Amino acid sequence: MHGLGNDYILIDNIDQGISDEHAPELARNLCTRRFSIGADGLLLIYSSKVADIKMRIFNADGSEAEMCGNGIRCFSKYCYENGIVLKPEFKVETLSGIKQIRLTMKGSEVDSIKVDMGKPNWERSAIPMEGQGTCFNETLEVDHELYHVTCLSMGNPHCIIFVENVDEFPVDSVGPIIENHKAFPHRTNVGFVQVLTFNELKVRVWERGCGETLACGTGTCAAVAAANKLGKVGNKVTVHVLGGDLQVEVGKTLILSGAVEKVFEGVLFNEM
């Protein structure tokens, strides 16, 4: 499945046939493009004692992610259309807490998904990031150059940089350096953001554990949260990512909405 090109392999693991020890290796093997199925990550479905269903996310490098906005939208469509959940509004347990899902239907199929992504956490200790307090528009030295960064957690770490022209920015070279910067002990996602209007952003995201992706839900929300906090955008924002458009509403929490697609399904006989 994919959300604007941010693609995931989904496996129903309610029977826990995939062990905790085996999941990271399986993600690395299955997500390798050209040599396997290929994806940005692996989503595993579990039963939950605290919500309607539980999601675990493994990046292409095998590391486990706390939360993924596009991933949870793919996950939600799959669970509803396969009868794992039977109602259009439900809760999903993630490593970053319980997320509320609202589906918009088109006949028997899910047309679009809204996810309550919760509140951004600006404290460095929550990201985590070295130092104390918050990080709003502060300088960060990156390979002998200074960048102004705003950092936050959307359940996972994000470092936001506003640029004049995001299309021409060297995301592939700057992104991995910041991802692995000593300021971020658990590494970080990096968002490069161009403000188009008061209600419109253009965003590219270098994702921790997988590199630049065509879309990133938490990265989109982090970009909007940072831009809103700094007075650059309002409370309803359209975000243009490489794979298409997402909408974010800013209120007591952040609401992410957009479409997802099922690409294919199959049976895995050999997990490499």
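Residues numbered from 1 in each chain as written. Predicted model: local features only at pLDDT ≥ 70, side-chain atom pairs only at ≥ 80, totals over all residues. Heavy atoms only, no water.

Q: Is there a simple way to explain the pairing of strand β15 (residues 236-241) in this structure?
A: Regular strands place side chains that alternate from one sheet face to the opposite one. Judged from the three bridges that link them, strand β13 (residues 200-207) and β15 form a sheet pairing that is parallel. Among the inter-strand pairings, Lys202 is bridged to a residue of β15, identified as His240. Where β15 meets strand β16 (residues 244-250), six bridges bridge the pair, whose relative direction is antiparallel. Considered in β16, the bridge of Val241 is made with Gly244. Here β15 hands over to β16 after two residues, the two strands then running antiparallel side by side. (Pairing = 2+ DSSP bridges. Helix = DSSP H or I, 4+ residues; strand = E, 2+ residues; numbered from the N terminus.)

Q: Is there a simple way to think about the nonpolar core in this case?
A: As a rule of thumb, nonpolar side chains are buried together in soluble globular proteins. One finds Phe75 and Leu201 to be the most contacted residues of the largest nonpolar core, which totals 52 residues. When residues of this core are assigned to their parent elements, the largest contribution, seven residues, is made by helix α4 (residues 217-229). Those residues within four positions of Leu201 in sequence are excluded, and the remaining contacts are Val193, Gln194, Val195, Leu196, Ala223, Val224, Ala227, Val233, Val237, Thr238, Val239 and His240. With 21 residues, the next largest nonpolar core counts Leu140, Cys151, Cys159 and Val171 among its residues. (Core = buried A, V, L, I, M, F, W, Y, C linked by side-chain atoms within 4.5 Å. Buried < 20%, exposed > 50% of the residue type's maximum accessible area, 1.4 Å probe, protein only. Contact = heavy atoms within 4.5 Å.)

Q: Can you help me understand the pairing of strand β6 (residues 89-94) in this one?
A: Inspection of the sheet shows strand β4 (residues 53-59) paired to β6 by two bridges, in the parallel sense. Bridging across to β6, Ile53 finds its partner in Val92. Here six bridges tie β6 to strand β7 (residues 97-106), and the two strands are oriented antiparallel to one another. In the sheet register, Glu93 faces β7, and the bridge partner there is Ile98. Here β6 folds back onto β7 in antiparallel fashion, the turn holding two residues.

Q: Looking at this model, I keep getting lost on the side chain of Thr94. Mind explaining?
A: With respect to the helices, strands and loops of the structure, Thr94 is situated in strand β6. For Thr94, a relative accessible area of 8% translates into the label buried. A distance of 3.1 Å separates a polar atom in the side chain of Thr94 from the backbone nitrogen of Ser96. Of the polar contacts made by the side chain of Thr94, one reaches the backbone oxygen of Gly97; its length is 2.7 Å. Ignoring sequence-local partners within four residues, the contact set of Thr94 consists of Met55, Glu66, Met67, Ile72 and Lys99. (Polar contact = N/O pair within 3.5 Å; in protein donor to acceptor, adjacent residues only side chain to side chain.)

Q: Can you walk me through the pattern of salt bridges in this structure?
A: Two side chains bearing opposite charge may form a pair once their charged atoms approach each other closely. Summed over all chains, the structure comprises 14 salt bridges. Here Arg33 ties to Asp7 by a salt bridge, and the two come within 2.8 Å at their closest N and O atoms. Taken together, the residues span a long stretch of sequence, with Arg33 in the loop between α1 (23-31) and β3 (41-46) and Asp7 in strand β2 (residues 6-12) at a distance of 26 residues. Taking the relative accessible area as the measure of exposure, Arg33 reaches 41% and is therefore partly exposed. Taking relative accessible area as the criterion, Asp7 reaches 16% and is therefore assigned buried. Arg187 is the partner of Glu179 in a salt bridge, and the nearest nitrogen-oxygen pair spans 2.9 Å. Residues participating in the shared-partner salt-bridge network are Asp7, Arg33 and Asp40. (Salt bridge = Lys/Arg side-chain N within 4 Å of Asp/Glu carboxyl O.)

Q: How should the packing of aromatic side chains be read in this particular structure?
A: The relation between two aromatic rings is expressed through the spacing of the ring centres and the mutual angle of the planes. Taken as a whole and judged by the stated rule, the model has three aromatic pairs. Ring centres 5.0 Å apart and planes at 45 degrees place the aromatic pair Trp122 and Phe136 in the tilted group. Of this pair, Trp122 sits in the loop between β8 (109-116) and β9 (135-142) while Phe136 is found in strand β9, placing the two residues 14 residues apart along the sequence. Using a relative accessible area of 28% as the deciding quantity, one classes Phe136 as partly exposed. (Phe/Tyr/Trp six-rings, centres within 6.5 Å; stacked < 30°, edge-to-face > 60°.)

So far we have only geometry, and geometry alone does not tell us how the molecule works.
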